[in-house]
Amino acid sequence: MAENPLFAPSDLPYELPPFAEIREEHYLPAFERGMAEQLAEVDAIASGTEPPTFANTIAALERSGRILDRTATAFFTVSASNTTDGLMEIEKRVSPQLTRHSDAIRLNRALWARIKQVTTEDAEEAWLLEKYRDDFIRAGADLSEPEQDRLRAINEELSKLSTTFAQSLLKASTESALRVTDPKELDGFDEAEIEALRQDDGTYALPLLNYTLQPGLARLTDRDVRRRLYELSVNRAPGNFELAVTMATLRAERAALLGFPSHAAYSVADQTAKTVEAVENMLGQLVGPAVRNAKKEAEALAEQAGFAIEPWDWSYYSEKVRQARYDFDGAAMRPYFELDRVYRDGVFFAATKLYGITFAERPDLGGYHPDVSVFEVADEDGTPLGLFVLDPYARPGKRGGAWMNNLVDQSILFGQKPVVINNLNVTKPASGPTLLTYDEVNTAFHEFGHALHGLFSKVRYPRVSGTSVPRDFVEYPSQVNEMWVTWPEILANYAKHHETGEPMPAELVQKLKAAEMFNQGFQTVEYLAATLLDWAWHKLAAGETVADPEAFEATALEAAGIAFPLVRPRYRTNYFAHIFTGGYSAGYYSYIWSEVLDAESVEWFKENGGLTRANGDHFRRELLSRGGSIDPLTAFRNFRGREATIQPLLARRGLT
Ligand SMILES: [Zn+2]
């Protein structure tokens, strides 16, 4: 058997993972060797006889675990985007092992004793040292042996439950799909779309996307079909309710062991929010006005419909209101949003205008699927910057949503330039060009904002590379990048009709802007309801039990003042992947928290002349290039010139 490609560094440019050579059977041995190698490295650090220094302790830890890092990066990239039964089996097996492994390092008493003795005069080192101390304390390094034993057991159990939750969700997207036998029931979809849903047995199946309001609800004309689709959506993967209860109670118990009243308190302590009160204070300012707006919108919808609407009617009639009131038809935009052009002449073009960077496709480099493409990114003077990998299409075996991650972390320590990937879930047409919705264009710019954060990283240590910032800060740069979607100079460059090349009519964009304000109430309530649901699950105190998770959900929304039957949370408990599988537990508030900084930054760009190289350079230097190597709010102040206020956000969301 040839050598396992994960054992040695990739010899591809930028150390791009050699996906073409990696086979399923390579992962387990590489995980095993990687964990063993890192434990040996950590033991050597912990049992050192020299006095502990930054170099022989912290920098040495940063250097450890190279095989494991490579393996985990390749594995989790593929298992998120193109999983198989085999990969799912490996994930089930390896997730609890990885949890045990991480505990073995952070609960290593000899290592912890040495870390506590390290001192440094250098500012970047001091910041990293503080992070290490915080990581160890938060992982339980200061607890007694019996407490640590319990902690290990909880972590392992949580990691298993999280994998089960994710896998049942992936299955539910097809198992709970809307099935119809008569294509007439799909009236509202065009012929090509209906054809794409046809199954081998002649029936039609519309798979569920991972949020409450399925996009089909905006167009399906048969009200009863809409009701069925909606109910399938909100009731999918019912077994996950019980998993959620178990996970929330285990997290509460763990928080108590670590000295916090709840998992929410534990979770925000190392975020920019820092306290439960700070988060609640902010959410409290938004709930009342948002619900009022949504109720006003509901009245307009009922008027349009001519009857009292139900939740499954919301999207359908809001499209109708947009057409009637604003003469806006979202579908009319799609012919102007061709995927390839949106990237080259929109997303990339905006980055060139702001930062001077250029993009060259590298067809010689590939990913884990033929639809993945690779671009080499260079600075204005031609200096290579890194690779950008793009996987735009939905496929069975890809999880829902859109996301970015690093394939190679930038670090000066290893002399490594970044490799980053963006994943979207755009439906691939059977033939012809891929036309995007306005929301998908927005997502493309958003995810590329994360990509820029990774690509511009200029830090010494991998632990703080690129997007390794607090969760309630990480969405901020990506949200800022959305401002260029409708920036006139950018839009004019990419929004061209795929057949005629005609630019998008200016009035279509003006109508869009006007119509966008209309659904703000809905969008804010849908988001806040999910946030407050996350919050309720994670404010449980240790020992509190939940007998009926669906009743708990209803009570939590009622108590938070966000219960509005026509607008359910964007995610109910049973499919709230962000908080039960995705590392956003007690963290879904992050999106709106980051949006305060985003709205402030958009103002800054506008005040300073918008799309200019000088503005781009300033944002890059003060913010994007810093990664997690300095205090994030200091980076923000350095960029903005002052603290953030909430006013621009309130104005943007129509909440003033
Ligand atoms: Zn994001």
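First, a word on scope: everything that follows refers to the structure included in this document. (Residues numbered from 1 in each chain as written. Predicted model: local features only at pLDDT ≥ 70, side-chain atom pairs only at ≥ 80, totals over all residues. Heavy atoms only, no water.)

## Here's the deal with the overall build of the protein chain
So, point 1. Looking only at helices and strands, the protein chain features 25 helices and 7 strands.
So, point 2. Taking 656 residues into account, the globule formula puts the C-alpha radius of gyration at 26 Å, and the protein chain, at 25 Å, falls close to it.
So, point 3. Each of the three principal axes of the protein chain carries a C-alpha extent, and together these read 80 × 60 × 60 Å.
So, point 4. Within the protein chain, contacts between residues at least 6 apart in sequence are counted, and of these 76% link residues at least 24 apart.
So, point 5. Carbon and sulfur atoms provide 51% of the accessible area of the protein chain, an area that totals close to 26,800 Å².
So, point 6. Put simply, the protein chain has 68 plus and 95 minus side-chain charges, and the middle of one group is 2 Å from the middle of the other. (Helix = DSSP H or I, 4+ residues; strand = E, 2+ residues; numbered from the N terminus. Rg over C-alpha atoms; globule rule 2.2 N^0.38 Å. Contact = heavy atoms within 4.5 Å. Areas by Shrake-Rupley, 256 points an atom, 1.4 Å probe, with all protein chains shown as cover. Lys, Arg positive; Asp, Glu negative; His and termini not counted. Charge placed at Lys NZ, Arg CZ, Asp CG, Glu CD.)

## Considerations on the coordination of the zinc ion
So, point 1. Protein ligation of the zinc ion involves His-446 (NE2), His-450 (NE2) and Glu-475 (OE), the donor distances falling in the range 2.1 Å.
So, point 2. In primary sequence terms, the donor set of the zinc ion follows H-x3-H-x24-E. One end of the pair, His-446, is in helix H15 (residues 438-455); the other, Glu-475, is in helix H16 (residues 471-481), with 29 residues separating them in the sequence. (Donors = N, O, S within 2.8 Å, 3.2 Å for Na, K, Ca; no water.)

## Re the layout of surface pockets
So, point 1. Within this model, the second largest pocket holds a volume of roughly 330 Å³.
So, point 2. If you trace the second largest pocket, you find 15 residues lining it, with Trp-593, Val-596, Leu-597, Leu-633 and Ala-644 closest to the centre.
So, point 3. Going through the elements one at a time, helix H12 (276-305), helix H22 (590-607) and helix H24 (632-640) are the ones with two or more residues in the lining of the second largest pocket. (1 Å grid on protein atoms, 1.4 Å probe; cavity = no way out; pocket = protein on both sides within 12 Å on 5 of 7 lines; lining within 4 Å. Points joined across faces, edges and corners; volume = space filled by probe spheres on them.)

## Points about the side chain of Asp-379
So, point 1. When you line up the elements, Asp-379 lands in the loop between strand S4 (373-378) and strand S5 (384-393).
So, point 2. Of the residues examined, Asp-379 reaches a relative accessible area of 17% and is grouped as buried.
So, point 3. Look past the residues within four positions of Asp-379 in its chain and what remains in contact with it is Gly-356, Ile-357, Leu-385 and Arg-620. (Buried < 20%, exposed > 50% of the residue type's maximum accessible area, 1.4 Å probe, protein only.)

## Side note on the environment of Glu-643
So, point 1. By the secondary structure assignment, Glu-643 is in the loop between H24 and helix H25 (647-652).
So, point 2. For Glu-643, a relative accessible area of 49% puts it in the partly exposed group.
So, point 3. Sequence separation between Glu-643 and Gln-199 is 444 residues; the distance between their C-alpha atoms is 55 Å.
So, point 4. Here Glu-643 is in contact with Glu-600, Phe-636 and Arg-637, once residues within four sequence places are set aside.
So, point 5. A polar contact of 3.0 Å, which involves the side chain of Glu-643, links it to the side chain of Arg-637. (Polar contact = N/O pair within 3.5 Å; in protein donor to acceptor, adjacent residues only side chain to side chain.)

## Describing the environment of His-578
So, point 1. Within the secondary structure, His-578 sits in helix H21 (residues 577-580).
So, point 2. Spatially, the C-alpha atoms of His-578 and Ala-166 are 9.9 Å apart, while their sequence positions differ by 412 residues.
So, point 3. In contact with His-578, not counting residues within four places along its chain, are Tyr-571, Gly-583, Tyr-584, Ser-585, Tyr-588 and Tyr-591.
So, point 4. Looking at His-578, its side chain comes within polar contact range of the side chain of Tyr-591, at 3.3 Å.

## Focus on the nonpolar core
So, point 1. Residues Phe-337, Phe-388, Trp-484 and Tyr-494 are the most contacted members of the largest nonpolar core, which totals 157 residues.
So, point 2. Ranked by the residues each element gives to this core, the list is headed by H12, at 13 residues.
So, point 3. Aside from chain neighbours lying at most four places away, what touches Trp-484 is Ala-350, Leu-354, Phe-445, Ile-490, Phe-605, Gly-610 and Leu-611.
So, point 4. Counting 30 residues, the second-largest nonpolar core is a separate cluster that includes Leu-16, Phe-31, Leu-87 and Ile-90. (Core = buried A, V, L, I, M, F, W, Y, C linked by side-chain atoms within 4.5 Å.)

## Here we look at the packing of H16 against H22
So, point 1. One way to put it is that H16 packs onto H22 with a least axis distance of 7 Å and a crossing angle of 40°. The orientation of H16 with respect to H22, classified from their angle, is oblique. The element H16 and its partner H22 pack so that their crossing is right-handed. Between H16 and H22, the contacting residues are Arg-471, Asp-472, Phe-473, Val-474, Glu-475, Tyr-476, Gln-479 and Val-480 on the first element and Ser-590, Tyr-591, Trp-593, Ser-594, Glu-595, Leu-597, Asp-598, Ser-601 and Phe-605 on the second.
So, point 2. Of the residues contributing to the contact of H16 with H22, the split by class is 8 nonpolar, 4 polar and 5 charged. (Axes fitted to C-alpha atoms, helices over the stretch in contact; angles between N-to-C directions. Parallel < 35°, antiparallel > 145°, perpendicular 65-115°, else oblique. Left-handed = near helix turned anticlockwise from the far one by under 90°. Nonpolar A, V, L, I, M, F, W, Y, C, P; charged D, E, K, R; others polar.)

## Describing empty space enclosed by the protein
So, point 1. Under the criterion given, the structure shown has 1 cavity of 30 Å³ or more.
So, point 2. Computed from the structure, the largest cavity encloses a volume of approximately 40 Å³.
So, point 3. In terms of lining, the largest cavity is formed by Thr-212, Leu-213, Tyr-230, Pro-311, Phe-522, Glu-526, Leu-566, Val-567, Arg-568 and Pro-569.
So, point 4. Among the residues forming the lining of the largest cavity, the class breakdown is 7 nonpolar, 1 polar and 2 charged.

## Some remarks on the packing of helix H3 (residues 66-81) against helix H4 (residues 85-106)
So, point 1. Taken N-terminus to C-terminus, the directions of H3 and H4 make an angle of 140°; their axes are 12 Å apart at the nearest point. When the interaxial angle is binned, H3 and H4 end up oblique. As H3 packs across H4, the resulting crossing turns out to be left-handed. Between H3 and H4, the residues in contact are Leu-68, Phe-75, Phe-76, Val-78 and Ser-79 and Leu-87, Ile-90, Glu-91, Leu-98 and His-101, respectively.

## Here's the deal with unusual backbone geometry
So, point 1. Of note in the backbone geometry, Tyr-14 takes a positive phi value of approximately 60° without being a glycine.
So, point 2. Located in the positive-phi region is Glu-15, a residue other than glycine, with phi close to 55°.
So, point 3. Summarising the element assignment, Glu-15 is placed in the segment before helix H1 (24-46).
So, point 4. Judged by its relative accessible area of 31%, Glu-15 falls in the partly exposed class.

## Considerations on the sheet that holds strand S7 (residues 419-426)
So, point 1. Here we have 5 strands laid out as an open sheet, ordered S3-S4-S5-S7-S6, and mixed in their pairing. The open sheet is flanked by strand S3 (358-361) and strand S6 (403-408), the only strands paired with a single partner. Sheet twist, expressed as the mean angle between neighbouring strand axes with direction ignored, is 30°.
So, point 2. One ladder, built from 5 bridges, connects S6 with S7; its direction is antiparallel. Opposite Asn-406, over in S7, you have Val-420 as the bridge partner. (Pairing = 2+ DSSP bridges.)

## A few points about the pattern of salt bridges
In a structure, side chains of opposite charge can pair up when their charged atoms sit close to one another.
So, point 1. Tallied over the entire structure, the rule returns 47 salt bridges.
So, point 2. Among the salt bridges present, the one from Asp-142 reaches Lys-116, with a minimum N-O distance of 3.7 Å. Highlighted residues: Asp-142 in the loop between helix H6 (123-138) and helix H7 (145-175) and Lys-116 in helix H5 (residues 109-117), separated in sequence by 26 residues.
So, point 3. Lys-116 sits in the partly exposed class, given a relative accessible area of 46%.
So, point 4. Residues joined by salt bridges that share partners form a network here, namely Asp-122, Glu-124, Glu-125 and Arg-460. (Salt bridge = Lys/Arg side-chain N within 4 Å of Asp/Glu carboxyl O.)

By themselves, these observations are geometric and do not establish any function.
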